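Commentary on secondary and tertiary structure
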Amino acid sequence: MSAPATGGERVPALTFLTNFLIGGTERQVLNLVRNHDRTRFDVHLGCFRLAGPLLTELDASKVSLSEYPIKTLPSPRTLWQQWRLIRYIRAHRIRVVHAFGFYANVFAIPAARLAGAPLVIASIRDTGDHLTWLQKAMQKWACRAAHHVLVNALAVRTVLVEQGYDPAHITVIRNGIDVARFRGVESRRAARALLGIRDEAPLIAVFARLNPLKGLEFFLEAAALLSGQFKDARFLIVGDSISREYRDELEGKAKALGLGTRVFFTGFRTDIPELLGEVSVLVLPSLAEGLSNVILEGMAAGVPVVATRVGGNPEIVEDGVSGLLVPPRDASALAEAIGSLIADPGRREAMGRAGQKLAIERFSLEATVAQTEELYERLLRPSPKRRPQPTPLSSPPLPEEKWR
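Residues numbered from 1 in each chain as written. Predicted model: local features only at pLDDT ≥ 70, side-chain atom pairs only at ≥ 80, totals over all residues. Heavy atoms only, no water.

**Here we look at the nonpolar core**
Just so we agree on the cut-off: In these notes, a set of buried Ala, Val, Leu, Ile, Met, Phe, Trp, Tyr and Cys residues joined through side-chain atoms within 4.5 Å is what counts as a nonpolar core. Residue exposure (1.4 Å probe, protein chains only): buried if accessible area is under 20% of the type maximum, exposed if over 50%, otherwise partly exposed. Counting from the N terminus, the helices are DSSP H or I runs at least four residues long and the strands are E runs at least two residues long. For this analysis, residues touch if any pair of their heavy atoms sits within 4.5 Å.
Ranked by internal contacts, the top residues of the largest apolar core, which has 72 residues, are Leu85, Ile89, Phe107 and Phe207. A total of nine residues in this core trace back to one element, the largest contributor, which is helix α3 (residues 102–115). Not counting residues within four places of it along the chain, the set of residues in contact with Ile89 comprises Leu14, Ile94, Val97, Ala112, Ala115 and Ala117. By size, the runner-up hydrophobic cluster in this structure holds 33 residues, among which are Leu226, Tyr246, Leu259 and Met351.

Here you go:
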C-alpha cells in the first residue's frame, strides 16, 4: 500500500468527521483543519451533519465543506452517500483522506479507496471500550483498507496491536491544544458568584460529556467522602449529557449521597478557560480514555489534576509531579488524592506549575499540526519497492516511556 509522490503544488486533503458537537475528537479535528498550512494544503472537510456548536468556529471561506447525511451505516442511503463522496474525491482530485472515529472510518475509508485517493488514513482516538465486538470488527476491516492508522496515545496503539493491527502502519501523534487560550486566564469568579460559592472555598470539578464511561458515579461517591472533612468544598460537573435520563440518574445519586447543594451540574459551557481559572482541583474519573483534552487544558491552565490510571492518562500526567493517578472505580482512592491536594495549597500550586510546563513543552497545537502534516507528506512520497515504514511514535516521548 504505497502512495504517489507529492509535487510542489498544494495538496488537496479531505478530513472526515461525524458532526460538530462538543467532544474531544471534534475539537481536535477543528483545530487541525483550522491550522493547516494553506500554502501546502487545499483543505476540505466532510461530515455526516453540518450541525453543532463547533461549526460556528469554522471560516467557510478557508475550508470547503460537504455533507453526507445518513441515519445508520447499513442502508441503501449510506451507499448513495458513499457514492457522492467518491464523486467529490474524484472531482476535487483529493490526495489525502483522513477519517476520524468509528463511523467516519467505516463510511469514508472504503469510499476513498474506491475513489482512488492516493493516501487514506484512519484515526482511532480511544481504546474502543464503548464499541461492540461487531463494531470493532467493522473498524478493523475498514482500517485494513486504509494506508495508515493514526492514534493519539501509546495506550491506543497497544490495544490495536493486541487486536491484530499491523504495528508498522500505526503512528502515534498526541493531541495538541491551544495553550495560549488557557494560560494566564484570570478568574473573574463569575461562576462562583453565580453558584453562591465563596472565593476561598475549594472547588473540585469534572469537565466531561456525561456518559457512564466517564466514571461520574465514583466522583460523586468521592465527593460524599470528602464533604465531612472539607465542609466548604464544592463540586462541579461541567458538560452535556448523553440523555436527560442519565443526568437525572446522576442528580438522584448526588441527592441520595446527601450532597444537596454542594454539587452543581452546569450543563454545556463555552467559558471553559475562565471556569478552569476558578478550579482548585481538576478530576477525570474515567473508566476508559484515549488521550484527554480536558487533562491537557487543565494542565495548561495550571490546575492540578487527579485522574484515573487508564488509557493515555499516564502518558500525560506524571504521577506525583504534575498530578495524581488513582485506580479506576475506586471512590476512596479518588477522595484521598483530592483531599491531599485540598489540604496542601503549596503542593497544589507546585503541581499546577509542573503540569503547565509539560503542556507548553509537549502538547502544543502547533506541534500536533506540524507532525500530522509531516506524516501526510512522508506517506505521499513514492515507495516503489516497499511499503512506507513511518516512525511509529511521532510525538516526543515522555521521560518515563519505553518503546514496546
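**Things to note about the pattern of salt bridges**
Operational definition: Salt bridge, as used here: a side-chain nitrogen of Lys or Arg that lies within 4 Å of a carboxyl oxygen of Asp or Glu.
For the structure shown, the criterion picks out 20 salt bridges. For Lys214, the salt bridge goes to Glu289, with nearest N and O atoms at 3.2 Å. Of this pair, Lys214 sits in the loop between β8 (203–207) and α8 (216–227) while Glu289 sits in the loop between β11 (281–284) and α11 (293–300), placing them 75 residues apart in sequence. With respect to class, Lys214 is no different from Glu289; both count as buried. Shared partners join several salt bridges into a network, and the residues in it are Asp37, Arg40, Glu373 and Glu377.

**A short note on the pairing of strand β4 (residues 96–100)**
The condition is simple: By this definition, two strands are paired if DSSP reports at least two bridges between them. Looking down the strands as they point away from you, a crossover is right-handed if its path from the first strand over the helix to the second goes clockwise.
With five of its five residues buried, β4 lies for the most part within the structure. Side-chain alternation along β4 places Val96, His98 and Phe100 on one buried face and Val97 and Ala99 on a second face that is also buried. Bridging between strand β1 (residues 11–17) and β4 involves four bridges; their strand directions are parallel. Bridge pairing in β4 links Thr15 to His98. For β4 and strand β5 (residues 119–124), the ladder comprises five bridges, and the chain directions are parallel. For Val96, the partnering residue across the bridge sits in β5 and is Leu119. Of the crossover connections in this fold, the one passing from β4 over α3 to the parallel β5 is right-handed.

**Regarding the packing of α11 against helix α14 (residues 345–362)**
Put simply, the rule reads: In this description, a line fitted to the C-alpha atoms serves as the axis of each element, helices being fitted only across the stretch in contact, and the angle between N-to-C directions of two axes falls anywhere from 0 to 180 degrees. Angles are sorted into four bins: roughly parallel if under 35 degrees, roughly antiparallel if over 145, roughly perpendicular if 65 to 115, and oblique for all others. Helix crossings get a hand from a simple test, with the near helix turned counterclockwise from the far one by less than a right angle marking a left-handed crossing and a clockwise turn marking a right-handed one. All residues other than Ala, Val, Leu, Ile, Met, Phe, Trp, Tyr, Cys, Pro, Asp, Glu, Lys and Arg, Gly among them, are scored as polar; the first ten of these are nonpolar and the last four charged.
The geometry of α11 relative to α14 is characterised by a closest axis approach of 7 Å and an angle of 115° between their N-to-C directions. By the angle between their axes, α11 is roughly perpendicular relative to α14. Crossing angle aside, the handedness with which α11 passes α14 is left-handed. For the pair formed by α11 and α14, the contact residues are Leu296, Met299 and Ala300 on the first element and Gly352, Gly355, Gln356, Leu358 and Ala359 on the second. Each residue belonging to the contact of α11 with α14 can be placed in one class, and the counts come to five nonpolar, three polar and no charged.

**Focus: helix α9 (residues 244–256)**
So the rule is basically this: In a helix, the anticipated span is given by 1.5 Å times the number of residues less one. Think of it as the arc spanned by the lines of direction from the helix axis to the C-beta atoms.
In this model α9 runs 18 Å from its N-terminal to its C-terminal C-alpha over 13 residues, within 8% of the 18 Å that 1.5 Å per residue would give. All of the buried residues along α9 are Tyr246, Arg247, Leu250 and Ala254. Looking straight down α9, one finds its buried side chains confined to an arc of 100°; they lie on one side. In α9, the exposed positions that point more than 90 degrees away from the buried face belong to Glu245, Lys255 and Ala256. In this structure, the buried residues of α9 make contact with α8 and β10 (263–267). Trailing α9 by a residue or two, Gly258 shows a phi angle of about 80°, which is positive.

**Comments concerning the environment of Gln28**
Topologically, Gln28 is positioned in helix α1 (residues 24–35). Along the backbone, Gln28 and Lys136 are 108 residues apart, and their C-alpha atoms lie at a distance of 22 Å. Setting aside anything within four residues of it in sequence, one finds Gln28 in contact with Arg125, Asn175, Gly176, Ile177, Asn293 and Thr368.

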